[in-house]
Amino acid sequence: GGNEKEAYGYITQQAVSQAEIQNPGMNNTRVLSMAITASDSNGKPSSWSAAIDQYASGYLDDRKRLFLVSAGNIQAIKYPDDNLASTIQDPAQAWNALTVGGYTDKIVVDDAGYEDWTPLASAGELSPHTRTSVTWPHSKAPIKPEIVMEAGNRAVSPGGTEVLSVDSLMLLTTGNDIANGPLVPFSATSAATAQASRLAAMLSAAHPELWPETIRALLV
């Protein structure tokens, strides 16, 4: 919206603080999931990634937190070159956040009118929707993402001249219009981050005695 980019970190910290104040009983098992990114990052800290690092590490208040952040999305056409050249977005370069990228196992195109189309990525490969940190100077920047989850695939036309995102190569999630669309397609690193966050929440609920760093390590 109308928020200044320099304020993103402060706004994120305030959102976390409000959740913790309103329900402090969950603080030992809360997982912070953020599937929103801004401009491309070169791997260097920004005010937003620094704010997440501060809260994740407990630097400001000695309370450590588990942050999961999406790597950022693209719509790859030249696969995987587009993915390798498209850098992970701010604030997913935060050292203390768990950055989530995408792979895919979805290879069956089952949409009416697209019967002759084929999947862009093979099963088990990098999702065409995800960004990477291949171009970062890794002597000075973190290696991201640390984990990948299902992010969906894209479809290629029979002549190889067109690439589209189709429903059968996406995931399903609950929609906000229960009467007309209780289930809707969901893909890219937002979907991957949701799955990773669910896994982190299950681990945290089953083992509330574990540190956030331990949950993060178990996921990776």
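Before reading on, note that the structure itself is shown above.
Residues numbered from 1 in each chain as written. Predicted model: local features only at pLDDT ≥ 70, side-chain atom pairs only at ≥ 80, totals over all residues. Heavy atoms only, no water.

### Quick word on unusual backbone geometry
Link 1 in the chain: Here Tyr79 and Pro80 are connected by a cis peptide whose omega angle stands at 0°.
Link 2 in the chain: Along the chain, Pro80 falls in the loop between β2 (66–70) and α3 (81–85).
Link 3 in the chain: Along the chain, Asp90 connects to Pro91 via a cis peptide bond; the corresponding omega equals 10°.
Link 4 in the chain: Position of Pro91 among the secondary structure elements: in the loop between α3 and β3 (98–104).
Link 5 in the chain: With a phi angle near 60°, Asp62 is a residue other than glycine that sits in the positive phi range.
Link 6 in the chain: You can see Asp62 is positioned in the loop between α2 (47–57) and β2.
Link 7 in the chain: The phi dihedral of Ala188 is positive, around 70°, even though this residue is not glycine.
Link 8 in the chain: Note that Ala188 resides in helix α4 (residues 188–206). (Helix = DSSP H or I, 4+ residues; strand = E, 2+ residues; numbered from the N terminus.)

### Digging into the nonpolar core
Link 1 in the chain: Counting 17 residues, the largest nonpolar core has Ile52, Phe67, Val69 and Ala97 as the members making the most contacts within it.
Link 2 in the chain: Of all the secondary-structure elements, those providing two or more residues to this core are β1 (31–34), α2 and β2.
Link 3 in the chain: With four residues, the single largest contributor to this core is α2.
Link 4 in the chain: Sequence-distant contacts of Phe67, defined by excluding residues within four places in its chain, comprise Thr12, Val16, Leu32, Ile52, Tyr55, Ala56, Ala97 and Leu98. (Core = buried A, V, L, I, M, F, W, Y, C linked by side-chain atoms within 4.5 Å. Buried < 20%, exposed > 50% of the residue type's maximum accessible area, 1.4 Å probe, protein only. Contact = heavy atoms within 4.5 Å.)

What is shown is where atoms sit, not what they do.
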